[in-house]
Amino acid sequence: MSLEKPYKDVPGTTIFDAEQSRLGYHLNQFCMSLMKAANRERFKADERAYLDEWPMTEEQKLAVLARDLNRCIALGGNIYFLAKIGATDGKSFQQMAGSMTGMTEEEYRDMMIKGGRSVEGNRRVGEDGTAQAHRQPQGAAGKKGN
């Protein structure tokens, strides 16, 4: 039985909670197997055959094969485990993050150097700056950045 999850309504955000952890257990275990050189070699030699050794869902396997990291996350993957796939492919974490946002590595890097993504359009569903200001603790409404 799922608990109430008010954080589920943040656009474009998947929170890695206990439910996601259970959903992605075998996917994440597969990723951790890539820490061993012999397993990386076996995976690179025949990705599908190696994936078929793991009790992952077909959807998880297809997401790995497509290197669709956003889909892997939606299917229970944890980004820190998924980074092992990127490392196996010779990609940096920055390259992976850029691909997940639809940006080049350079665009992603520049965005992060400038302070990251704007909060505009990235608040909770139905929330805007005014709604957020009305929920602030008493005495904090006039302060910027709260």
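Residues numbered from 1 in each chain as written. Predicted model: local features only at pLDDT ≥ 70, side-chain atom pairs only at ≥ 80, totals over all residues. Heavy atoms only, no water.

By the naming in an unreviewed UniProt entry, the protein goes by Protocatechuate 4,5-dioxygenase subunit alpha and is assigned to Variovorax ginsengisoli.

Chemist: Quick one: what's the story with the packing of helix 2 (residues 25-33) against helix 7 (residues 79-88), residue by residue and with numbers?
Modeler: The interhelical angle for the contact between helix 2 and helix 7, taken along N-to-C directions, is 45 degrees, at an axis separation of 8 Å. Judged by the angle between their axes, helix 2 and helix 7 are oblique. With respect to the hand of their crossing, helix 2 and helix 7 are arranged in left-handed fashion. For the pair formed by helix 2 and helix 7, the contact residues are Leu27, Asn28, Phe30, Cys31 and Met32 on the first element and Phe81, Leu82, Lys84 and Ile85 on the second. Its residues assigned to classes, the contact of helix 2 with helix 7 comprises 7 nonpolar, 1 polar and 1 charged. (Axes fitted to C-alpha atoms, helices over the stretch in contact; angles between N-to-C directions. Helix = DSSP H or I, 4+ residues; strand = E, 2+ residues; numbered from the N terminus. Parallel < 35°, antiparallel > 145°, perpendicular 65-115°, else oblique. Left-handed = near helix turned anticlockwise from the far one by under 90°. Contact = heavy atoms within 4.5 Å. Nonpolar A, V, L, I, M, F, W, Y, C, P; charged D, E, K, R; others polar.)

Chemist: Outline the nonpolar core, supporting the account with residue identities and numerical values.
Modeler: With 18 residues, the main nonpolar core has Leu27, Phe30, Phe43, Val64, Leu82 and Ile85 as its most contacted residues. Of all the secondary-structure elements, those providing two or more residues to this core are helix 2, helix 4 (47-51), helix 5 (58-66), helix 6 (69-74) and helix 7. (Core = buried A, V, L, I, M, F, W, Y, C linked by side-chain atoms within 4.5 Å. Buried < 20%, exposed > 50% of the residue type's maximum accessible area, 1.4 Å probe, protein only.)

Chemist: Can you explain the packing of aromatic side chains? Please cite residues and give values.
Modeler: Going through the model one piece at a time under the given rule, you end up with 6 aromatic pairs. Aromatic side chains Phe30 and Trp54 sit 6.4 Å apart centroid to centroid with 70 degrees between the ring planes, which places their arrangement in the edge-to-face category. Here Phe30 is found in helix 2, whereas its partner Trp54 is found in the loop between helix 4 and helix 5, with 24 residues between them in sequence. Feature note: the residues Phe30, Phe43, Tyr50 and Trp54 constitute an aromatic cluster, connected by ring pairs. (Phe/Tyr/Trp six-rings, centres within 6.5 Å; stacked < 30°, edge-to-face > 60°.)

Chemist: Report on helix 2, specifying residues and quantitative values.
Modeler: Three or more residues of helix 2 are buried, namely Leu27, Asn28, Phe30, Cys31 and Ser33. Buried positions along helix 2 lie against helix 3 (37-45), helix 4, helix 5, helix 6 and helix 7.

Chemist: So, the pattern of salt bridges: which residues are in play, and what are the values?
Modeler: Counting across every chain of the model gives 8 salt bridges. Ionic pairing is found between Glu53 and Arg42, a salt bridge with its closest N-O pair at 2.4 Å. Of this pair, Glu53 sits in the loop between helix 4 and helix 5 while Arg42 sits in helix 3, and the two are 11 residues apart along the sequence. Assessed through its relative accessible area of 47%, Glu53 is described here as partly exposed. In this structure, Lys61 and Asp52 form a salt bridge, with 3.1 Å as the shortest nitrogen-oxygen distance. For Lys61, a relative accessible area of 9% translates into the label buried. For Asp52, a relative accessible area of 41% gives the class partly exposed. Ionic contacts of the salt-bridge type, sharing partners, join the residues Arg48, Asp52, Glu58 and Lys61 into one network. (Salt bridge = Lys/Arg side-chain N within 4 Å of Asp/Glu carboxyl O.)

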